[in-house]
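Overview (structure and organization)
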Amino acid sequence: MDTVRKILHFLSTVLLYSLLIIVLIIVVFFGAYVVDQMIGMKNHEDRSPLFGVYVIISPSMVPNINVYDAVVSMRVPTEKIEMYDIITFLSKDIDTHGTPITHRVVGIVETEDGKIGYRTKGDNNNAEDNALIMEDEVIGKVLFRIPMIGYVRSFITSKLGWLLIVVLPCVGVIIYDIGKLVGIINNSKAKSDDNEKENII
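Chains are numbered independently. Their residues run from 1 in the order of the written sequence. Where local features are concerned, this predicted model is filtered to residues with pLDDT of at least 70; where side-chain atom pairs are given and counted, the filter is 80 or more; whole-chain, interface and lining totals use all residues. The side-chain figures draw on all heavy atoms in the structure; neither hydrogens nor water molecules are used.

This part takes up the sheet that holds strand E1 (residues 51–55). Within a sheet, neighbouring strands are paired by backbone hydrogen bonds and run either parallel or antiparallel to one another. Any two strands between which DSSP finds at least two bridges are classified as paired. Helical segments are the DSSP runs of H or I of at least four residues, strand segments are the runs of E of at least two, and each set is numbered from the N terminus. Strand order in the open sheet made by the seven strands is E1-E2-E7-E3-E4-E5-E6, with antiparallel pairing throughout. The strands lining the two open edges of the sheet, one partner per strand, are E1 and strand E6 (133–134). Bridge analysis of strand E3 (residues 86–90) against strand E4 (residues 100–110) gives five bridges, and the strand direction is antiparallel. Across the sheet, the residue bridging to Leu90 is Pro100, located in E4.

The next point concerns the nonpolar core. Here is a general trend for soluble globular proteins: nonpolar side chains tend to be buried in one another's company. Only buried Ala, Val, Leu, Ile, Met, Phe, Trp, Tyr and Cys residues count toward a nonpolar core, and they belong to the same one when joined by side-chain atoms within 4.5 Å. Only protein chains enter the accessibility calculation, which uses a 1.4 Å probe. A residue is then buried if its area is under 20% of the maximum for its type, exposed if over 50%, and partly exposed in between. Tyr54, Ile56, Met61, Ile65, Val71, Ile86, Ile139 and Val142 together form the largest nonpolar core, which totals eight residues. If we ignore the near neighbours within four places in the chain, the residues touching Tyr54 are Asp69, Ala70, Val71, Ser73, Thr88, Pro100 and Ile139. Pairs of residues are marked as contacts when any of their non-hydrogen atoms sit within 4.5 Å.

Turning to the side chain of Arg104, a few remarks are in order. Here Arg104 shows up in strand E4. Only 2.8 Å separates the side chain of Arg104 from the side chain of Asp123, close enough to count as a polar contact. Those residues in contact with Arg104 that lie beyond four places of it in its chain are Met61, Asn64, Tyr84, Asp85, Ile86, Arg119, Thr120, Lys121 and Asp123. Each polar contact in these results corresponds to two N or O atoms within 3.5 Å; when the atoms are within protein, one needs to be able to donate a hydrogen and the other to accept it, and residues that are neighboring in sequence are counted only if both atoms are side-chain atoms.

What follows deals with the pairing of strand E2 (residues 70–74). The buried count for E2 comes to four of five residues, which makes it a mostly enclosed element. Bridge analysis of E1 against E2 gives five bridges, and the strand direction is antiparallel. Of the residues in E2, the one forming a bridge with Phe51 is Met74. Here five bridges tie E2 to strand E7 (residues 138–146), and the two strands are oriented antiparallel to one another. Within the sheet, the bridge partner assigned to Ala70 lies in E7 and is Ile146.

Before going further, it helps to spend a moment on the environment of Tyr151. On the secondary structure map, Tyr151 appears in helix H2 (residues 149–157). On the basis of relative accessibility, which here comes to 46%, the residue Tyr151 falls in the partly exposed class. In sequence terms Tyr151 and Leu50 are 101 residues apart; their C-alpha atoms lie 25 Å from each other. When sequence neighbours within four positions are dropped, the list of residues in contact with Tyr151 reads Val67 and Tyr68.

It is worth spelling out the side chain of Thr102 at this point. Relative to the helices and strands, Thr102 resides in strand E4. Residue Thr102 is classed as buried on the basis of its relative accessible area of 8%. Non-local contacts of Thr102, meaning those with residues more than four positions away in its chain, are made with Ile56, Met61, Ile65, Val71, Ile86, Ile87, Thr88 and Val142.

Structure, rendered in structure tokens:
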């Protein structure tokens, strides 16, 4: 029973610290997002968020970015996007119009009106994307990827994941606390019985 309690206590502690770290990261990102948006509103600028997290759902970037990996993209000035950088942008295709896509820059061109456009291609695709992505359609440049986070998200949002990640540790903590309470009551009762015996003697 002691081993089970220790395991449950360890799991609940790990879960608690993991949640705290996740919350801290979210707070930092949200703080940066809010400050950036306030600056944008003050300067009357319509711009994409400073940071974005996107779960990859197609194999177009395999093996560098796999399905269910997440990428963190950051808005950067146009001049910071170079050949072979990976960017996230809004799709222009009929089927996926407006959906964020993450592909590699394979060409940079300047249009007749002086704007910058990007030719993009998935590492796993045979051909370049059809549309030229203009600078104002780029959401951000990929900073890093988080492997398989999409699986974790899918698992946590499933009934089994909710049961294993949230419900069981909570039940374990409750059972552990009840066990401690029962132990305290039993000790208290034993001391009380001992006192009564001493009084009888």
